[in-house]
Amino acid sequence: MTEFPAIRLRRLRRTPALRSLVRETTLSLDNIVMPLFVAPEPLHNARLPGMSRHTIDGLLRECEELARLGVPGVILFGIPEDKDDEGTGAWIADGIVQQALRAVKARFPDLLLMTDVCLCEYTTHGHCGVLHGNEIDNDASLEHIVRTAVSHVEAGADVVCPSDMMDGRVGAIRAALPDTPIISYAAKYASAFYGPFREAAGSTPSFGDRRTYQMDFGNLREALRECELDIAEGADMLMVKPALAYLDVLRSMRDRFDLPLAAYNVSGEYAMIRAAAAAGDLDERSAVLESLTAMRRAGADVIFTYWAKELAAWL
Ligand code: PBG
């Protein structure tokens, strides 16, 4: 009956071995980074384990497990003992992240240590920069951000990841740290999907929102301009955040730029699948592998995800 049997694509889907032989996109633990929260007091989150806070001892146990499982890197977020208007806790030599970096570096020298460079967890108002009245002062914020990045590298960070979305931050950090890899959160959107993170990090803005510095979710060309600036300023890798609702942004960046790209599989994406799986509506493992493979297919080299430990078992 079939007129053109030669074009039957189904022939290559018949067995698992055939399917994996011709799979175009694969997921590997080599490209996975686990976000971790470090704080003076632990905070266990049974529903969303990735949103738990660890003390430095707890962090060392997490890092030991991640290293044993073969996860290559972590990105650290700090929740300080005290906050102030300037975010001083972000850059002081004995700040929570700086202490954590020294402890982890000494014990696990081969684990890649990345840090989120931002002020929002450290400011009383919860914004990512310094305020001038009710406005963020871009240039005053840059000084604090550079100081923070330098203090992280002095304490042992291998890679710094500025996430504040101030203009000129990559260039300012690059001038101070000519040899440090910078992953820029270049296309970071003002998003509803950061909800669980802000709870875990204690960084919900006390007034207003982040729409004057994070990007409008209707815009793609603007993201490409953000990327061009960050590349010109010396970024080594570009990040898209969130990931799932922004796969077209990743694809456009992949087509246009040759730098490595990262996707941040954010807390809200994690919470959605966890909740649906807990309700019995879908299978967590299948949904995660499909979502993360889609991020890779869209163009991501590296994926930041709270599922790093599970992935080690699933892959
Ligand atoms: C800012 C920062 C945020 C996230 C990572 N870095 C929150 C924000 O911009 O409000 C969100 C990560 C996630 O939701 O998993 N320091």
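Residues numbered from 1 in each chain as written. Predicted model: local features only at pLDDT ≥ 70, side-chain atom pairs only at ≥ 80, totals over all residues. Heavy atoms only, no water.

S.K.: Is there a simple way to think about the site of the ligand in this case?
M.R.: In the vicinity of the ligand lie 18 residues, with Lys188, Arg198, Lys241, Ser267 and Tyr306 positioned nearest. In this structure, a nitrogen atom belonging to the ligand sits 3.1 Å away from a side-chain N or O atom of Asp116. Between Lys241 and the ligand, the recorded distance is 3.1 Å, taken from a side-chain N or O atom to a nitrogen atom. When isolated, the ligand has an accessible area of 410 Å², and the protein chains bury 100% of it. Judged by its atoms lying within 2 Å of the grid points, the ligand is housed in the largest cavity. Class assignment of the residues belonging to the shell around the ligand gives a composition of nine nonpolar, three polar and six charged. (Near = heavy atom within 4 Å. Polar contact = N/O pair within 3.5 Å; in protein donor to acceptor, adjacent residues only side chain to side chain. Areas by Shrake-Rupley, 256 points an atom, 1.4 Å probe, with all protein chains shown as cover. 1 Å grid on protein atoms, 1.4 Å probe; cavity = no way out; pocket = protein on both sides within 12 Å on 5 of 7 lines; lining within 4 Å. Sits in = over half its atoms within 2 Å of the grid points. Nonpolar A, V, L, I, M, F, W, Y, C, P; charged D, E, K, R; others polar.)

S.K.: For this particular structure, what's the right way to read the pattern of salt bridges?
M.R.: Two side chains of opposite charge can pair, provided their charged atoms sit close to one another. Scanning the entire structure with this criterion turns up 13 salt bridges. Notably, a salt bridge pairs Arg211 with Asp209, separated by 2.8 Å at the nearest N-O pair. Residues Glu284 and Arg274 are paired through a salt bridge, measuring 3.2 Å at the closest nitrogen-oxygen approach. Of this pair, Glu284 sits in helix 10 (residues 284-298) while Arg274 is found in helix 9 (residues 267-278), placing the two residues 10 residues apart along the sequence. What makes Glu284 buried here is its relative accessible area of 17%. Three or more residues are tied together by salt bridges with common partners; here these are Glu62, Glu65 and Lys309. (Salt bridge = Lys/Arg side-chain N within 4 Å of Asp/Glu carboxyl O. Helix = DSSP H or I, 4+ residues; strand = E, 2+ residues; numbered from the N terminus. Buried < 20%, exposed > 50% of the residue type's maximum accessible area, 1.4 Å probe, protein only.)

S.K.: Would you take a moment to explain the packing of aromatic side chains for this structure?
M.R.: The description of two aromatic rings rests on the distance between their centres and on the angle between their planes. Tallied over the full model, the rule gives nine aromatic pairs. Aromatic side chains Tyr264 and Tyr306 sit 6.2 Å apart centroid to centroid with 50 degrees between the ring planes, which places their arrangement in the tilted category. Linking Tyr264 in strand 10 (residues 261-265) with Tyr306 in the loop between strand 11 (302-305) and helix 11 (308-314), this pair joins segments that are 42 residues apart in sequence. The same class applies to Tyr264 as to Tyr306, namely buried. (Phe/Tyr/Trp six-rings, centres within 6.5 Å; stacked < 30°, edge-to-face > 60°.)

S.K.: Can you walk me through helix 4 (residues 138-155) in this structure?
M.R.: In an α-helix, one turn spans 3.6 residues; hence positions three or four apart end up facing the same way. In this model helix 4 runs 26 Å from its N-terminal to its C-terminal C-alpha over 18 residues, within 8% of the 26 Å that 1.5 Å per residue would give. Residues of helix 4 that are buried include every one of Ser141, Leu142, His144, Ile145, Val146, Thr148, Ala149, Ser151, His152 and Ala155, and no others. In this structure, the buried residues of helix 4 make contact with helix 3 (96-107), strand 4 (112-117), strand 5 (130-132), strand 6 (135-137), strand 7 (159-162) and helix 5 (169-176). Near the N-terminus of helix 4, the side chain that reaches the backbone nitrogen of Asp139, with its oxygen 3.3 Å away, is that of Asp137. At the C-terminal side of helix 4, Gly156 shows a positive phi close to 125 degrees. (Expected span 1.5 Å × (residues − 1). Contact = heavy atoms within 4.5 Å.)

S.K.: Sorry if this is basic, but what is going on with unusual backbone geometry here?
M.R.: Comment: phi is negative for the bulk of residues other than glycine, and the bulk of peptide bonds are trans. A cis amide bond links Lys241 with the next residue in sequence, Pro242, at an omega value of -10 degrees. Counting through the fold element by element, Pro242 comes out in the loop between strand 9 (237-241) and helix 8 (247-256). You will see that Met165, though not glycine, has its phi angle at about 65 degrees, which is positive. Looking at where Met165 falls in the secondary structure, it is placed in the loop between strand 7 and helix 5.

S.K.: Hey, could you run me through the side chain of Thr305 in this one?
M.R.: Its place among the elements puts Thr305 in strand 11. You can call Thr305 buried: its relative accessible area is 0%. In this structure the side chain of Thr305 is engaged in a polar contact, spanning 2.8 Å, whose partner is the side chain of Asn265. Only 3.1 Å separates the side chain of Thr305 from the backbone nitrogen of Trp307, close enough to count as a polar contact.

S.K.: Looking at this structure, how should I read the nonpolar core?
M.R.: Nonpolar side chains tend toward joint burial in soluble globular proteins. Formed by 107 residues in total, the largest nonpolar core has its most connected members in Phe37, Leu238, Met253, Phe304 and Leu311. The element that contributes the greatest number of residues to this core is helix 10, accounting for seven residues. Apart from the residues lying within four places of it in its own chain, the contact partners of Leu311 are Leu27, Leu29, Ile32, Val288, Leu289, Leu292 and Thr305. (Core = buried A, V, L, I, M, F, W, Y, C linked by side-chain atoms within 4.5 Å.)

S.K.: Where do I start with empty space enclosed by the protein in this structure?
M.R.: Sizing a probe to match a water molecule and rolling it over the atoms shows the empty space that remains. One pass over the structure, following the stated rule, counts two cavities of 30 Å³ or more. Lining the largest cavity are 16 residues, and of these Cys120, Lys188, Tyr194, Phe197 and Lys241 lie nearest its centre. Mapped onto the lining of the largest cavity, the elements with two or more residues apiece are strand 8 (183-188) and helix 6 (195-201). Taken together, the residues of the lining of the largest cavity break down into seven nonpolar, three polar and six charged. Each pocket or cavity is described by its volume, and for the second largest cavity that value is around 40 Å³. Around the second largest cavity, the lining residues are Tyr194, Phe197, Lys241, Tyr264, Val266, Ser267 and Tyr306. Partitioned by chemical class, the residues of the lining of the second largest cavity number five nonpolar, one polar and one charged. (Points joined across faces, edges and corners; volume = space filled by probe spheres on them.)

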